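Architecture at a glance
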Amino acid sequence: MAETHVLFVEDDDVIREATQLALERVGFTVTAMPDGLSGLEAFRADRPDIALLDVMVPGLDGVSLCRRIRDESTVPVIMLSARADSIDVVLGLEAGADDYVTKPFDGAVLVARIRAVLRRFGHAAGPDGAHPGGTETADEALGGVLVFGDLEVDTDGMEVRRAGEQVALTPTEMRLLLEFSSAPGTVLSRDRLLERVWDYGWGGDTRVVDVHVQRLRTKIGQDRIDTVRGFGYKLRG
């Protein structure tokens, strides 16, 4: 089986070299770049399996680099930030990142987060190809297609259409929509979504959920997912 190729963009020489060694020690192939422009060139040349991008890198900052990558690919992206400020987190997630890790980070935690992202990207419909979180009812599905108003979710082909037009979702957005689709009308808590979509076996930052829900709304319709204050979100049936 081919080794996982990681693109790592970090301007601090010590962090870049130490992290590269830590990732290579557990079997990853790593291309490490010191700035955003060289990182973009490496991404286009190597097409890595996952990108780790520091927010504050010279030339082309990590958020802008994430946007450029997302314009060309659905490859998973994890943002790295020296701060846990909301602006850093939200900007990175809104740019299309799938997760973020705050520096300084433990190498084992970073590896666990990378593997969690890769698991859900490699198995967007669950490890056995099944719909994560449940199965559709006979009233909801025809040949694996769930219908919610003008929204159609093809759980076999992993495609989404709105008013007949195909909607492009990242794998994380697709998993989130599948989780909602498995229980339309049911309120899903942020903690449940973190566990089921982001594969967090521990508490995580619910801002990741909130930003991804907002991104999903812009693609499938702002009124398709309701916010239930103090509890979570639900998909309108």
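Before any of the text, the structure's been laid out above.
The residue count restarts for each chain, going from 1 along the sequence in the order it is written. In keeping with the predicted nature of the model, local features appear solely for residues at pLDDT of at least 70, side-chain atom pairs appear and are counted solely at 80 or more, and the whole-chain, interface and lining totals rest on all residues. Derived side-chain values reflect all non-hydrogen atoms in the structure, with water molecules and hydrogen atoms excluded from consideration.

**Thoughts on the sheet that holds strand E12 (residues 225–228)**
Using the following cut-off: Strands are labelled as partners when DSSP assigns at least two bridges between them. For the purposes of this entry, the term helix denotes a DSSP run of H or I that reaches at least four residues, the term strand denotes a run of E that reaches at least two, and both are numbered from the N terminus.
With antiparallel pairing, three strands are arranged side by side in an open sheet as E11-E13-E12. The open sheet is flanked by strand E11 (188–189) and E12, the only strands paired with a single partner. Pairing geometry for E11 and strand E13 (residues 232–235), over two bridges, is antiparallel. Paired with Ser189 across the bridge in E13 is Gly232.

**Let's talk about empty space enclosed by the protein**
Going by this rule: With a 1 Å grid laid over protein atoms only, a set of points is called a cavity when a 1.4 Å probe fits there but cannot get out and a pocket when it is open yet has protein on both sides within 12 Å along at least five of seven lines; lining residues have an atom within 4 Å of a point. Grid points are joined across faces, edges and corners, and a volume is the space filled by probe spheres set on the points. Ten residue types, Ala, Val, Leu, Ile, Met, Phe, Trp, Tyr, Cys and Pro, are classed as nonpolar, four, Asp, Glu, Lys and Arg, as charged, and the remainder, Gly among them, as polar.
One pass over the structure, following the stated rule, counts one cavity of 30 Å³ or more. The volume enclosed by the largest cavity comes to roughly 40 Å³. Every residue along the wall of the largest cavity is listed here: Val55, Met79, Ser81, Asp88, Val89, Gly92 and Tyr100. At the level of elements, strand E4 (77–81) and helix H4 (86–94) are the ones that each hand at least two residues to the lining of the largest cavity. For the lining of the largest cavity, the element with the most residues is H4, which contributes three residues. When its residues are assigned to classes, the lining of the largest cavity shows four nonpolar, two polar and one charged.

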